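# Per-entry structural report
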2 protein chains.
Amino acid sequence: MKGLKEAPGFSALSEEYLFAETTKRIREAEASLGRRVARLGMGDVSHPLTPTVCRALTEAAREMGIDATRRGYSPIGGYGFLRAAAREAYAAEGVDLGEEEIYISDGAKGELSLIASLLAPDTLHLIPDPAYPAYRDLSSLLGREILFLPGREEDRFLAMPPDRICRPALIFLTSPSNPTGEAYDEAGLAAWIDYAVESGSILLFDGAYADFCGKGRPRSILSLPGARRCCVEIRSFSKGAGFTGLRCGTTVIPEEVCLGDSRPLAERYRRAVDILKNGVAYPVQRAAEAALSPAGRRETAVTVARYRQNAGLLREALAAAEIAFTGGWDAPYLFLRAPGGRSGWELFDFLLGAGIAVTPGEGFGNAGRGYVRLSALAPRGDIEIAAALLPDLLGSLR
Amino acid sequence: MKGLKEAPGFSALSEEYLFAETTKRIREAEASLGRRVARLGMGDVSHPLTPTVCRALTEAAREMGIDATRRGYSPIGGYGFLRAAAREAYAAEGVDLGEEEIYISDGAKGELSLIASLLAPDTLHLIPDPAYPAYRDLSSLLGREILFLPGREEDRFLAMPPDRICRPALIFLTSPSNPTGEAYDEAGLAAWIDYAVESGSILLFDGAYADFCGKGRPRSILSLPGARRCCVEIRSFSKGAGFTGLRCGTTVIPEEVCLGDSRPLAERYRRAVDILKNGVAYPVQRAAEAALSPAGRRETAVTVARYRQNAGLLREALAAAEIAFTGGWDAPYLFLRAPGGRSGWELFDFLLGAGIAVTPGEGFGNAGRGYVRLSALAPRGDIEIAAALLPDLLGSLR
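Here the structure is a predicted model, which means the values were calculated and not measured. (Residues numbered from 1 in each chain as written. Chains lettered and ligands numbered in written order. Predicted model: local features only at pLDDT ≥ 70, side-chain atom pairs only at ≥ 80, totals over all residues. Heavy atoms only, no water.)

As a further point, take the overall build of chain A. When helices and strands are counted, chain A shows 11 helices and 13 strands. Relative to the globule expectation of 21 Å for 398 residues, the C-alpha radius of gyration of chain A, 21 Å, shows essentially globular dimensions. Dimensions of chain A along its principal axes, counting C-alpha atoms only, are 60 × 55 × 55 Å. Taken over 398 residues, chain A has a buried fraction of 64%. Looking at chain A alone, contacts between residues at least 24 apart form 74% of all its contacts between residues at least 6 apart. Per element, the accessible surface of chain A, about 14200 Å² overall, is 51% carbon and sulfur. Computed over 46 positive and 50 negative side-chain charges, the separation of the two mean positions in chain A equals 3 Å. (Helix = DSSP H or I, 4+ residues; strand = E, 2+ residues; numbered from the N terminus. Rg over C-alpha atoms; globule rule 2.2 N^0.38 Å. Buried < 20%, exposed > 50% of the residue type's maximum accessible area, 1.4 Å probe, protein only. Contact = heavy atoms within 4.5 Å. Areas by Shrake-Rupley, 256 points an atom, 1.4 Å probe, with all protein chains shown as cover. Lys, Arg positive; Asp, Glu negative; His and termini not counted. Charge placed at Lys NZ, Arg CZ, Asp CG, Glu CD.)

This is how it looks when you write it as structure tokens:
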């Protein structure tokens with residue numbers, strides 16, 4: 001249309017979403033190799049829904065066809081049964097929340113941009129580097145200024161607050177981290193909370209990998225003192241409970257988190273959700289409730305243990321190749337430097353040619369240059385292929 | 001947080017979403033009456049999923065628990081099976097589309113704001129009045145300038161293009177219309193297409209009620225000449241197929257629809273979806289595919305016929321009360337003027353006190369002042385109560 005301008009945020013975006021590009025190259029490689037490659041790239045899960053979750057999903061699907069049990073529009077914020085289940089699950093972790101502080105979403109990605117869109121456009125986003133590319137892309141799309149905080153391998157990429165107070169409106173923090181697989185300890189998170197309080201920022205805590213947290217690594221930032229003053233926590237059922245094909249998550253907005261005029265952020269969030277969203281499918285909310293039940297949590301723990309075994313196989317393979325890496329304990333990701341000063345994309349293409357798909361670190365930010373990410377969420381068969389081939393493949397590059 | 005500013009769009013919003021306010025008053029009325037009121041207010045459906053749809057949903061739910069059949073992240077834009085089914089359904093209406101021009105969404109509401117957010121912020125939105133309040137609210141939230149186009153009862157509220165070319169970036173058009181229940185004929189839609197082409201606008205056509213269209217009323221604006229140059233069409237499985245509790249819809253972006261620099265709008269849409277969304281639940285996409293199958297379409301037609309009978313009962317009641325109204329034929333809504341110069345909210349409160357919930361026309365815009373909307377999507381029992389009481393209740397107000 002003549003004269004019709006696009007949103008200015010597009011000009012700051014790279015042309016392709018990282019995983020759109022890797023998916024394309026993987027497809028080309030499979031065509032050229034004539035076989036399926038081992039997929040340790042995209043962070044999709046490989047286990048089916050557990051029996052408890054699948055039963056709840058199927059039962060609720062059936063209910064939708066019966067007059068007496070069918071459901072229409074979900075209440076704004078989600079069904080009470082799921083909000084109550086999420087409250088109990090948090091309480092079991094030692095985090096006391098009001099049920100009305102927990103909102104049900106269709107997954108983490110959309111919530112990140114929704115929260116960001118509640119704030120004025122002339123604001124700064126602080127984003128660790130490397131990080132989940134959606135933080136950067138949604139910030140660009142919304143036209144926000146970004147300050148990247150580069151992590152260093154010797155600090156296990158756990159970026160700490162900058163020395164100067166730069167008053168970001170939003171700080172994106174994820175622990176355990178994608179792509180580096182590392183998690184903050186209490187002291188690290190406490191430092192971030194202090195910084196957020198001092199700079200008057202909202203700390204958007206992405207806990208998508210909470211299920212993988214080991215001992216000494218807080219699953220929830222809300223378990224720390226002061227967090228209720230500044231933190232919004234987003235979680236997802238995608239990884240541990242395997243909801244990538246169902247879409248469900250929770251967003252916690254403590255009532256203390258306010259905008260400058262003392263207006264609760266949650267009030268603005270609810271108003272925006274009213275206008276922009278229509279809620280999450282009823283059967284999916286029942287499935288999420290089942291995932292939070294005692295049986296559901298036991299089953300998820302079994303799935304997570306299997307992914308941990310995958311990570312163990314990859315750790316051993318990298319140790320055999322004498323390649324240093326981060327992650328692999330508190331998250332289903334391992335992050336390693338490409339040998340011989342190669343770029344991450346070079347190592348990506350090299351491994352892809354040998355039948356192993358990984359993710360180039362460049363996709364996660366400048367500080368990810370020269371690294372690649374391995375995902376332990378892949379099927380066991382793929383993990384075993386990679387673990388068998390990686391020592392020689394990586395060794396050949398030295 | 002000190003100094004943290006909210007998005008400026010909030011200042012232009014009313015405090016409450018229309019249906020949040022009516023829901024609150026209905027709850028209070030039920031508490032005070034000590035019984036359930038007849039709910040002809042919110043446009044939620046009252047029929048369960050049809051057998052074909054429910055079977056597909058349940059079967060796909062089961063697949064998610066089995067290693068060999070489980071699905072992870074949905075492809076961007078939706079599964080091919082559903083895009084192909086939607087393409088066939090459009091073809092059966094005489095609209096030929098490329099499968100890649102059809103995108104699967106989690107419902108119409110989110111798509112409206114997503115499309116609007118692709119365009120530069122300093123743009124004008126043209127919105128008929130009265131209209132679905134989300135058009136106005138999402139425009140305000142995004143900080144867009146709005147030009148309302150008031151409809152008049154004597155024109156059945158079918159607003160026609162303004163005389164002057166005001167070059168809106170987006171035109172919101174819905175047919176059949178919520179809340180007035182009226183649908184454009186071919187000549188009306190053709191006039192809007194001409195206007196959009198001449199003014200270089202994108203015409204965002206909301207076909208949420210397409211299943212209710214009668215003869216002589218185009219279901220799809222894309223069936224008209226020239227529409228591919230300027231129209232984006234959004235549809236929903238919510239009303240006819242009863243997906244309000246499942247969330248699914250389609251968005252058609254013809255490849256001819258471009259931004260000023262000849263960049264296809266669809267390219268920007270896909271990039272934004274990549275960043276902001278994670279797709280629709282696999283079982284829901286299978287359910288939508290079933291709704292578009294021949295058996296699914298036959299069953300939906302039966303459900304729609306029942307809602308049409310509801311509308312017939314309401315038409316008779318209003319005729320008995322000698323109250324003029326619009327709608328009730330091509331959409332499940334009837335829109336009527338409150339007798340005696342009362343406001344819509346006054347009639348809303350009066351009818352609520354007598355046990356009938358409706359929706360005040362004020363919620364749909366200034367041109368809806370003094371009207372209320374009745375929904376024929378309510379359960380038959382509620383419709384019968386309303387049809388029995390309305391003649392006397394409305395007659396008493398003259």
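There is more to say, and it comes next.
The tally for this structure, following the rule as stated, stands at 7 cavities of 30 Å³ or more. Put simply, the largest cavity is a space of about 120 Å³. Lining the largest cavity are 14 residues, and of these Asp106, Leu246 and Ala281 of chain A together with Asp106 and Ala281 of chain B sit closest to its centre. Residues of the lining of the largest cavity, tallied by class, amount to 8 nonpolar, 2 polar and 4 charged. (1 Å grid on protein atoms, 1.4 Å probe; cavity = no way out; pocket = protein on both sides within 12 Å on 5 of 7 lines; lining within 4 Å. Points joined across faces, edges and corners; volume = space filled by probe spheres on them. Nonpolar A, V, L, I, M, F, W, Y, C, P; charged D, E, K, R; others polar.)

Residue and element names in this part refer to chain A. Where burial is concerned, most of strand E7 (residues 231–236) is hidden: 6 out of the 6 residues are buried. Inspection of the sheet shows strand E6 (residues 202–206) paired to E7 by 4 bridges, in the parallel sense. Among the inter-strand pairings, aspartate 206 is bridged to a residue of E7, identified as isoleucine 234. Where E7 lies against strand E8 (residues 249–252), 4 bridges are found, and the strand directions are antiparallel. For serine 236, the partnering residue across the bridge sits in E8 and is glycine 249. (Pairing = 2+ DSSP bridges.)

On to the confidence of the model for chain A. Any region with low pLDDT has predicted coordinates that should not be read closely. Looking at chain A, pLDDT values average 95 and 99% of them are 70 or higher. For this predicted complex, the interface confidence reaches an ipTM of 0.96, while the overall pTM sits at 0.97. (pLDDT = per-residue confidence, 0-100.)

The next subject is the interface of chain B and chain A. If you look at the interface, chain B gives 85 residues, while chain A gives 85 residues. In total, about 6700 Å² of surface goes out of reach between chain B and chain A, with carbon and sulfur atoms giving 56% of it. One salt bridge in this structure joins aspartate 137 of chain B and arginine 271 of chain A, with 3.8 Å as the shortest N-O distance. There are 30 residue pairs in polar contact (both at pLDDT 80 or more) connecting chain B and chain A. Listing elements by their share of the side of chain B that touches chain A, those giving two or more residues are helix H2 (51–63), helix H4 (108–117), helix H5 (133–141), helix H6 (186–199), helix H7 (265–276) and helix H8 (282–292) of chain B. Counting residues per element, the side of chain B that touches chain A draws most heavily on H7 of chain B, which supplies 7 residues. For the side of chain B that touches chain A, the residue count by class is 41 nonpolar, 18 polar and 26 charged. (Buried area = accessible area lost by both parts, 1.4 Å probe. Salt bridge = Lys/Arg side-chain N within 4 Å of Asp/Glu carboxyl O. Polar contact = N/O pair within 3.5 Å; in protein donor to acceptor, adjacent residues only side chain to side chain.)

With an RMSD of 0.0 Å, the operation that places chain B on chain A is a rotation of 180 degrees combined with a shift of 0.0 Å along the axis. Interpreted geometrically, this transformation is the action of a two-fold axis. Of the C-alpha atoms belonging to chain B, the one lying closest to the rotation axis is found on threonine 58 of chain B, 2.6 Å away. Comparing contact sets, 100% of the residues at the interface of chain B also lie at the interface in chain A, consistent with an isologous, same-surface contact. (Least-squares fit on C-alpha atoms with pLDDT ≥ 70 in both.)

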